[in-house]
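Coordinate inspection notes
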Amino acid sequence: MLKYRKIVLVFVFLLVSTGIFTYFQLPKRDLPEIDVNIASVTTAYPGATPLDVERTITNPLEDKVKEIDGVDTVESISTTGFSTVTVTLEGNVNNQVTYSKIRQSVSDIARSFPDEVQDSSVNTELSMAAVSSYHLQAQNYNTLYNAHDLVAKWNNQLSNLSGVESVQVKGLPEEQLLIELDADKLNNQSLSSFQVIDSLQQELSPGAIGNIKEDETLYQLRLNKTSDWKGLEDIAVGLNPQGETLTLNDVGSITLTHKEVKDLITYKGQPSLSLTIKAKEGMNISALQERIDEEVKHLSEELPDNITVEGFYSQSTLIEEVFTNLLTSFGISLAAVLLIMMIGLPFSSALLVALAIPISVLIGLIPLPYVGVDLNQISIIGIIIAIGILVDDAIVVNDNIQRRFQLGDSAWKGTIRGVKDVRISIITSTLMIVFSFFPLTFLSGSNGDFIRALPTTLISTIVASTVLSLTLIPTVQYIRRKRKVSKTQQTNSGLLGSLFSKLETFYADKLLPKVTKRPFIIGISGLIVCALFASLAIKIPFEFFPSADRKEVTISVTAPQGTTLSQTHNQLEEMESFIRQNSEVVEETAIFTGSGMPPLFSSSLQQSGENTGQILIRVNKTQQSASNFINNWEEKLRNKFTNSEVFLETITAGPPPSAPIAVNIQGPKLDQLLQTANDLKKELNKLGSTELITLNMSDEQPYIEYSLNREKIAENNISINQISSQLQVANTGIPLRVFDNGVDRYDMKLLLNDGNESGVNLEILRVTGSPSTQSLPSIFTLDELIEQEKSNQIGTIPHMDGERTVTVKGYGEESSNSFQKDAKEIINEFEKTLPSGYSFTNSGELNAQQEFFIEVSKLFVIVLFLIYLVMAIQFNSLTIPLLITSTVFLAITGAIIGLFVTKEPLSFLAVLGIVSLSGIVVRNSVILVDFIEQNHRESQSIHTAVIEAGRSRLRPIILTSLTSIAALLPIAFSGDVLFRPLAISIVGGLLFSTVLTLILLPSFYLILYRIRRGKFKTP
């Protein structure tokens, strides 16, 4: 290698250039893309009851979808006039192929649905990242509802931008052609609404009548039909009693209007439409946002005076904020590492080692695009952690080469021997780092997708640093040494070289001799102290993912079933006004009544309808955090709005969380299911730590139930279909063929105006009967055949994997640490009382935590095994690796102490930090034990071998530990709440284990040595 040193330098230059190019090409985003592998199938069946929707739509869809290979679970909700089926795929399937099979299956089964059922919609874009969101605003909703052409242009222009996958529009009802018939005019003309429907369907039906051949010319035949929807008014629909032709205009009207409004949105108190732009996978969000901003600016110039546009959300802004903070932490970490190296190394050596940091980081970026990793919070934290570790190899190689020079070796010999002495240890320690982080890439589910970038970036950076340590560092040192004129050796190294020399003397000449004399006492005492400190773990609270330090608070509201959309919106406006009048920390608000907010803030409604909605509150973080705002307002809002279910949450720094407790009760009968769920809810509410218990089913949906006079119907030969058709045409209307003239395309609906806007006028709706006692038909009004009664019944029917399922979700008070444990005990006891044919399944955060700890425990065992295997190969021993892995226990103890002292929770990332400590802390132990073994092989006594190894390895051990600690200190004390527990667990583990390793590891080695020597003497 030294012979080809110029090639080495050129090769490093090429890699650095490639790394710089990769940095500018890598997509940058706030958090990693999480592939949720979910498809949603929604189908509208206007006017149908939940039971009708379940039988007609949901059950056939579920049965068909469950047959598809790659489908994991199928969940559904059947509500009044609506079916939603959510399909979750297995993690190892080809998503696009499976999605195509789902679409085909839905299309096949939809052919068997009644004509009144609207086309099913399959949405597979649930996991796409929202780049930005805008609000089009006006003084009233009608202005916005008449802006279809404007919104269509915005949608088209933004969708055509490179990198944009789709644009989601909320709050704008679709346009439709509404044919409204006058019931009185129809009755006066002895015409039925279904005669009109038949005439219109014939006019709208395709007219393919073929072609003919005349005079050797082929003519296409065309039946001239109405091409302008306004011309439908002149279509003949029947004859009056005098035999004169009646047109549609004689008995009704046709107008272009909008469908039923599903969402009402206000932003800053003004009526709004929401446009949310979603990016294609792997896009550079910042670059895409620049293109969006330019297009929005251009489109805004063409807005009419009565419509304005307001930016509501931009991921690019968050990315800039996040990257500014992380790059600041990166800079501080880099400066801290440089300072540590300046303290313990000569300036030239410190500069050389420092140079390895940016080079390693840039080279480490090269493989990231090929493994699907971009630049985000998680990957940058991985790089910051790597900063403190990657200098370890450079320090060790540099220090040993310098040691060989000080012993009098020539430039060539000193460089070769300096690398040769430590290369095995460096490669081994790198493998241990890789093995400690690599299993984390196999974490399953959304948690695995979320964290995978951290171990990937760290591993690639560490591998790059190892290669540089074994190539660039010795090459540069050889060149420098060869050009040196003076042979004078430095006696001190670094700014605090003399201090390190004194430490080495104290450690080797005073401390280690005492340790070597009493290894059993010191070793056992150290283990007892560690065990006592480790017991502090029971005092540390667990928090899966903390709340992010963001200003957004979401208030999700569910009003009683039967509440109209406008009533729900009025209640949300009242709630918004109440908050604004009594809080000074609110910066702005937005209301989303109906289906809730677009997918921007990790908060969505599990079930949505006219009785649901969300309020977004942005608070001033300098005055009050989002979490404190929730604590102050949640109880106030629930006490004031007692008729509604109110739930407050903020953005979680991680994958969307689930409820702490979630129990799925399955069984055949709805009444029994609901009764069982309510009984469990009562038991859980008895807990003092309970804050809120919710069900996804209730029997509070208001119904008007029609009872037929079946005897009279039978006597007059009236079919039930006649009656239901009249009720449908007067209430929800009858869908007709789509009007499509090649330019405009509108859904069509025919509605009978019976004079009753709030219900059905049975007195004016008529059917024709044929009494058996007379030859002429008779006309009956529906009030003669029907009696109506109001009642409350079940309004939603949820399913899980085809079975009727009620989900009970429980939330504990924030200050309570016992809710989950107490609730689990109640659930276990309650399960024993379930009726025959009914079953329980647990989900929720508690179940997720248990699955997480089981998975992490398996990974931890794998990590330890891989580390043990590497060391067993290196030392050709089965006992020394056990000795070295014992330092992992010291590191875990230090992590627990760090979390306890700083009052940080044992979070998802804190646990991963503890797992990753396994590979970090054993590096120092490997280097120390390796030198003890080398010294002992050179015929030194065991005590001398231990002492001299400690003397020569104290400086690099302290420096490598301090650099790792220094790199993470900015994150530990001023970093994001998500990464603070991770940094503290690693810093605490390193600090504690480094100190004790220097004391306890020599003791453990001597104990092991005596045990092995004693065995050798045994006959």
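From a predicted model like this one, the values you see are computed outputs, not experimental measurements. (Residues numbered from 1 in each chain as written. Predicted model: local features only at pLDDT ≥ 70, side-chain atom pairs only at ≥ 80, totals over all residues. Heavy atoms only, no water.)

Description of the overall build of the protein chain
- Helices and strands together make up the secondary structure of the protein chain, namely 28 helices and 32 strands.
- Seen along its three principal axes, the alpha-carbon backbone of the protein chain occupies a region of about 125 × 75 × 60 Å.
- Considering the protein chain as a whole, with its 1019 residues, one finds that 53% of them fall into the buried category.
- Contacts spanning at least 24 positions in sequence make up 80% of the contacts within the protein chain whose residues lie at least 6 apart.
- Approximately 46900 Å² of the protein chain is accessible, and the part contributed by carbon and sulfur atoms is 52%.
- Within the protein chain, one finds 81 positive and 106 negative side-chain charges whose respective centroids are separated by 22 Å. (Helix = DSSP H or I, 4+ residues; strand = E, 2+ residues; numbered from the N terminus. Buried < 20%, exposed > 50% of the residue type's maximum accessible area, 1.4 Å probe, protein only. Contact = heavy atoms within 4.5 Å. Areas by Shrake-Rupley, 256 points an atom, 1.4 Å probe, with all protein chains shown as cover. Lys, Arg positive; Asp, Glu negative; His and termini not counted. Charge placed at Lys NZ, Arg CZ, Asp CG, Glu CD.)

Describing a nonpolar patch on the surface
- Taken together, the side chains of Ile-524, Leu-527, Ile-528, Leu-532 and Phe-889 make up a nonpolar region of the molecular surface, amounting to roughly 460 Å² of accessible area.
- Here the nonpolar patch takes four residues from helix α17 (residues 519–534), the largest share from any one element.
- Here Phe-889 lies in helix α25 (residues 880–902).
- Note on Phe-889: relative accessible area 33%, which makes it partly exposed. (Patch = residues over 30% accessible without salt bridge, like charges linked within 9 Å, V, L, I, M, F, W, Y side chains within 5 Å. Salt bridge = Lys/Arg side-chain N within 4 Å of Asp/Glu carboxyl O.)

Structural notes on unusual backbone geometry
- Backbone geometry at Ser-190 places phi at a positive 55°, although glycine is not the residue there.
- Its place among the elements puts Ser-190 in the loop between α6 (183–188) and α7 (193–204).
- At Asp-801, a position not held by glycine, the phi torsion is positive, near 55°.
- Following the sequence through the fold, Asp-801 ends up in the loop between β29 (796–800) and β30 (803–812).
- Residue classification places Asp-801 among the partly exposed residues on the basis of a relative accessible area of 35%.

Here's the deal with the sheet that holds strand β12 (residues 252–258)
- Across the sheet, which stays open at both edges, the four strands sit in the order β12-β7-β25-β24 with mixed pairing between neighbours. Edge positions in the sheet fall to β12 and β24 (734–740), since each of these pairs with one other strand and no more. Sheet twist, expressed as the mean angle between neighbouring strand axes with direction ignored, is 25°.
- For strand β7 (residues 175–182) and β12, the ladder comprises seven bridges, and the chain directions are antiparallel. Residue pairing for β12: Gln-176 is matched across the bridge by Thr-257.
- Those strands touched by α7 are β7, β24 and β25 (745–753), and its axis lies near 25° from that of β24. (Pairing = 2+ DSSP bridges. Axes fitted to C-alpha atoms, helices over the stretch in contact; angles between N-to-C directions.)

A look at the confidence of the model for the protein chain
- A residue-level look at the protein chain finds 96% of positions with pLDDT of 70 or above and a mean pLDDT of 85.
- This stretch, residues 485–492, has a pLDDT under 50; its non-local contacts, to residues over four places away or in other chains, come to eight contacts.
- Here residues 1015–1019 is a poorly scored stretch, pLDDT under 50, and it has zero contacts once near neighbours within four places are set aside; other chains count. (pLDDT = per-residue confidence, 0-100.)

Topic: a negative patch on the surface
- A contiguous patch of negative charge on the surface is contributed by Asp-69, Asp-72, Glu-75, Glu-90, Asp-801 and Glu-803.
- Here Glu-90 lies in the loop between β3 (82–89) and α3 (95–110).
- We classify Glu-90 as partly exposed; its relative accessible area is 33%.

Structural notes on the packing of helix α12 (residues 377–406) against helix α15 (residues 453–483)
- Contact pair α12 / α15: the axes reach a minimum separation of 8 Å and the direction vectors enclose 25°. With respect to α15, the axis of α12 lies roughly parallel. Where α12 crosses over α15, the two elements pack in a sense that is right-handed.
- Of the residues that constitute the contact of α12 with α15, the class distribution is 18 nonpolar, 10 polar and three charged. (Parallel < 35°, antiparallel > 145°, perpendicular 65-115°, else oblique. Left-handed = near helix turned anticlockwise from the far one by under 90°. Nonpolar A, V, L, I, M, F, W, Y, C, P; charged D, E, K, R; others polar.)

Considering the packing of aromatic side chains
- The full count for this structure, using the stated rule, is 12 aromatic pairs.
- With a centroid separation of 5.3 Å and an interplanar angle of 80°, the aromatic rings of Tyr-23 and Phe-24 are classed as edge-to-face.
- In this structure Tyr-23 comes out as partly exposed when scored by relative accessible area, which is 30%.
- Seen in terms of ring centroids, Phe-578 and Trp-633 are 5.6 Å apart; in terms of plane orientation they differ by 85°. Their pairing is edge-to-face. With a gap of 55 residues between them, Phe-578 in helix α18 (residues 565–582) and Trp-633 in helix α19 (residues 626–640) connect regions that are remote in the sequence.
- Members of the aromatic cluster, each reached through a chain of ring pairs, are Phe-578, Phe-629, Trp-633 and Phe-641.
- Of note, Lys-636 hangs over the ring of Trp-633, and the distance from its end group to the ring centre comes to 4.8 Å.
- Sitting over the face of the ring of Phe-578, Lys-640 holds its NZ or CZ atom 5.0 Å from the ring centroid. (Phe/Tyr/Trp six-rings, centres within 6.5 Å; stacked < 30°, edge-to-face > 60°. Lys NZ or Arg CZ within 6 Å of the ring centre and 35° of its normal.)

A word on the domain arrangement of the protein chain
- Its domain assignment divides the protein chain into domain 1 (1–25 + 345–485), domain 2 (37–126), domain 3 (129–176 + 251–332), domain 4 (493–546 + 844–1018) and domain 5 (549–651).
- With centres defined by C-alpha atoms, the gap from domain 2 to domain 4 works out at 54 Å. (Domains from an automatic or database assignment.)

With respect to helix α13 (residues 411–437)
- In this model, α13 (27 residues) spans 37 Å end to end at C-alpha, consistent with the 39 Å of a helix rising 1.5 Å per residue.
- When the local axis directions of α13 are compared, the greatest deviation, roughly 45°, occurs at Val-422. (Expected span 1.5 Å × (residues − 1). Bend = angle between axes of the 7 residues up to and from the residue.)

Considerations on the environment of Lys-213
- Along the chain, Lys-213 falls in strand β8 (residues 208–214).
- Residue classification places Lys-213 among the exposed residues on the basis of a relative accessible area of 59%.
- For the pair formed by Lys-213 and Val-419, sequence separation is 206 residues and the distance between their alpha carbons is 93 Å.

A closer look at the side chain of Glu-904
- Among the secondary structure elements, Glu-904 is positioned in the loop between α25 and β32 (906–907).
- Apart from residues no more than four positions distant in its own chain, Glu-904 is found in contact with Ile-540, Leu-899, Arg-980, Pro-981 and Ile-984.

Topic: the side chain of Ser-105
- With respect to the element layout, Ser-105 can be found in helix α3.
- Dropping the residues within four chain positions of it, Ser-105 is found in contact with Lys-64 and Ile-68.

Description of helix α20 (residues 670–685)
- With 16 residues, α20 extends 22 Å from end C-alpha to end C-alpha; this agrees with the ideal 22 Å at 1.5 Å per step.
- Three or more residues of α20 are buried, namely Leu-670, Leu-673, Leu-674, Thr-676, Ala-677, Leu-680 and Leu-684. Buried residues along α20 cover an arc of 160° about the axis, so they all sit on one side. Facing away from the buried side of α20 by more than 90 degrees, the exposed set consists of Asp-671 and Lys-682. (Arc of directions from axis to C-beta.)

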